[in-house]
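Residues per chain are reported as follows:
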Amino acid sequence: MEGDSERRAPDGRLDEFLHVVGQLAWRPDAGVQGVVDWLHRQLDRDIALIDSAGAVELSTPRFPGEVLGPLGPILSRLATGRMASAVTEIGAVHLRLEAVGTEPPRRVLVLAGPAGLSRGAASLASHTGSVISILHRARAADTALHGYQEKAHQLRVALFMALMAGDPVLARRMTTGAVPALLDCDRIRVHLLRCPPEDRDRLARAHQDPSGYHGRGLMVRCPVYDEHLICLIADDGGPRDGEGPGAPGPRGSAGQDLGPGGPGGLGAALRELVGESPGYALGISGAHPLRATAEAYEQARHALAVAGNAPGRVAGYRGQEPLERLLPRDAAVGWARSFLRPLRPLPGITLETTRLAMHFPRSGVAALLGISRNTVTAHLKRAEDALGVDLREVRSRATVALALAITSLHQDAEPGAGGPAVSGVEALFRTRTVAAWAEGFLEPLDGAGHHRVRGTLRTWIETNTDAQRTARRLGISRTTVAAHLRTAERLLNRDLLTTGSGVHDLVYALGLLGGIPLAPDRAP
């Protein structure tokens, strides 16, 4: 406390000056007015700081602004570096001018008073100008650093979006030679951290390396959900031959999934952070190839949906294989390409808008693509008209999402690939593997006490995921509906409360077991 008192009431001119400059260091948004005011108190002169264009940037209250007109030629020579300082008089006003900085165009410090300055006072004015220059350079460096951080973030988002589109080669080309280590790995996991929005930049900077990446990871502020920090981490302990794409990584003594890097690295740092921060939660995907980043991200979203109630608020994905991987390949590719063929004449941005709208709300799609929500709506209307579906209806969205997922999964298939034509999407589901998938998906709801949850889910889908209509139809409160949905998220290990694959999986699981009718391929 004694030190604080000395700061508030410094002894001596140097102490006061250091106090003023120190206050600027603690307040990055503060200007140099405090330094000019300090010099005014020391020399009893009115002072102005003139910018490179000749305008007053700041001044003491009684500075005689009328002298600046006649000073124009001198100010110009000082600003352009042809002079370092000057002394002149205009009427009864004595003026001293000091160039501030070394690189033109320069600011100029102007001191006005009834008499000239002594040698010591002139020296103090000159040194103060140097300090102002240093403060401006520090501010410019800080602004440049913030600009670099934002550009680095934008590049990381671009790389993430290229990986989400299943194109690691495009991601490499974006880096113009400075390829991040992540792109040289075989498999990755997505760690999705939920934290206060204001913490995301701090966390990303804490792990950032000089290249703007994060070692063998990539941390990205989610452009859709303000509380999400997306972390792609190279998986050095990926599954052995014969293990599936969602297989767990190395495990600790208590059986918890340690994810990439075993007990150390970015994954371990994130889990430790969650343990120390009550408001945090972490969802972790299985290990996937780079081209399957979108699938890994969806798994991490599902895991995050249940992490809030999991031990330590950390959850790994424990769901099943996605439905599109279980369908007969040739027939599925043939159906999906036939179903999506009406989109081919449309602009590429329409297809991308439609793809993103299967996983994110329309406001999120607008943010991802840098367009307005009205433009998103217009693109989706074109897609609806072409496909003959209503994308506001959840079962129709599920059908479109499945077709897009199949074409993405099998994008390397030959153009003519595809088995015998199938009459509709339901014809793809006539296999024991698909039936077992649906049974396994809903099995957690078969336990005692969960039949009401299953009934709520069925009605929720039938009412197009409208909680209010669900509550009215079932004669329960909307709060009870929300509680049932949260219970279902935990039991099914799926995110159901945001637009995404969890809801689509629920549609197909219920439809395959006869709980609800599936949507037709086309509108009647």
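A short tour of the structure in this document, coming up. (Residues numbered from 1 in each chain as written. Predicted model: local features only at pLDDT ≥ 70, side-chain atom pairs only at ≥ 80, totals over all residues. Heavy atoms only, no water.)

Quick look at helix α3 (residues 33–43) now. Listing the buried residues of α3 in full gives V35, V36, W38, L39 and L43. The arc that holds the buried residues of α3, viewed along the axis, is 155 degrees, so those residues lie on one side. Of the residues trailing α3, D44 is marked for its positive phi of about 55 degrees. (Buried < 20%, exposed > 50% of the residue type's maximum accessible area, 1.4 Å probe, protein only. Helix = DSSP H or I, 4+ residues; strand = E, 2+ residues; numbered from the N terminus. Arc of directions from axis to C-beta.)

Turning our eyes to something else, we now look at the pattern of salt bridges. Counting across every chain of the model gives 19 salt bridges. With a closest N to O distance of 2.8 Å, D446 and R454 form a salt bridge. The class of R454 is partly exposed, set by a relative accessible area of 22%. Where R494 meets D505, a salt bridge forms, and the shortest distance between an N and an O atom there is 3.0 Å. With R494 in the loop between α18 (478–492) and α19 (501–512) and D505 in helix α19, the pair connects residues that are 11 residues apart, well separated along the chain. D505 matches R494 in its accessibility class, with the two residues each being buried. Here the residues in one salt-bridge network are E150, D201 and R221, joined through shared partners. (Salt bridge = Lys/Arg side-chain N within 4 Å of Asp/Glu carboxyl O.)

With respect to topology, five strands assemble into an open sheet ordered β2-β1-β5-β4-β3, the strand pairing being antiparallel. Taken across any chain shown, the strands that pair with only one partner, and hence form the sheet edges, are β2 (56–59) and β3 (85–90). Taking the axes of each pair of neighbouring strands and ignoring which way they run, one obtains an average angle of 20 degrees across the sheet. Summarising the sheet, strand β1 (residues 46–50) and strand β5 (residues 107–113) pair through five bridges and their orientation is antiparallel. The residue bridging I47 from the neighbouring strand is L111, located in β5. Packed on one face of the sheet, α3 meets β1, β2 and β5 and runs near 150 degrees to β1. (Pairing = 2+ DSSP bridges. Axes fitted to C-alpha atoms, helices over the stretch in contact; angles between N-to-C directions. Contact = heavy atoms within 4.5 Å.)

Judged by nonpolar contacts, the single largest core of 93 residues is most densely connected at Y297, F429, L457 and L506. When residues in this core are grouped by element, the largest group, eight residues, is from helix α14 (residues 394–409). Not counting residues within four places of it along the chain, the set of residues in contact with L457 comprises L445, L485, A488, L492, L496, L506 and L510. Ranked by size, the runner-up nonpolar core spans 20 residues in total, among them F17, I47, L109 and A125. (Core = buried A, V, L, I, M, F, W, Y, C linked by side-chain atoms within 4.5 Å.)

Turning next to helix α16 (residues 451–462). Spanning 12 residues, α16 covers 17 Å between terminal C-alpha atoms, matching the ideal 16 Å at 1.5 Å per step. Of all the positions in α16, only V453, G455, T456, L457, T459, W460 and I461 are classed as buried. In this fold, the buried residues of α16 make contact with α14, α17 (467–474), α18 and α19. Two residues or fewer past α16, N464 is found with a positive phi of approximately 60 degrees. (Expected span 1.5 Å × (residues − 1).)

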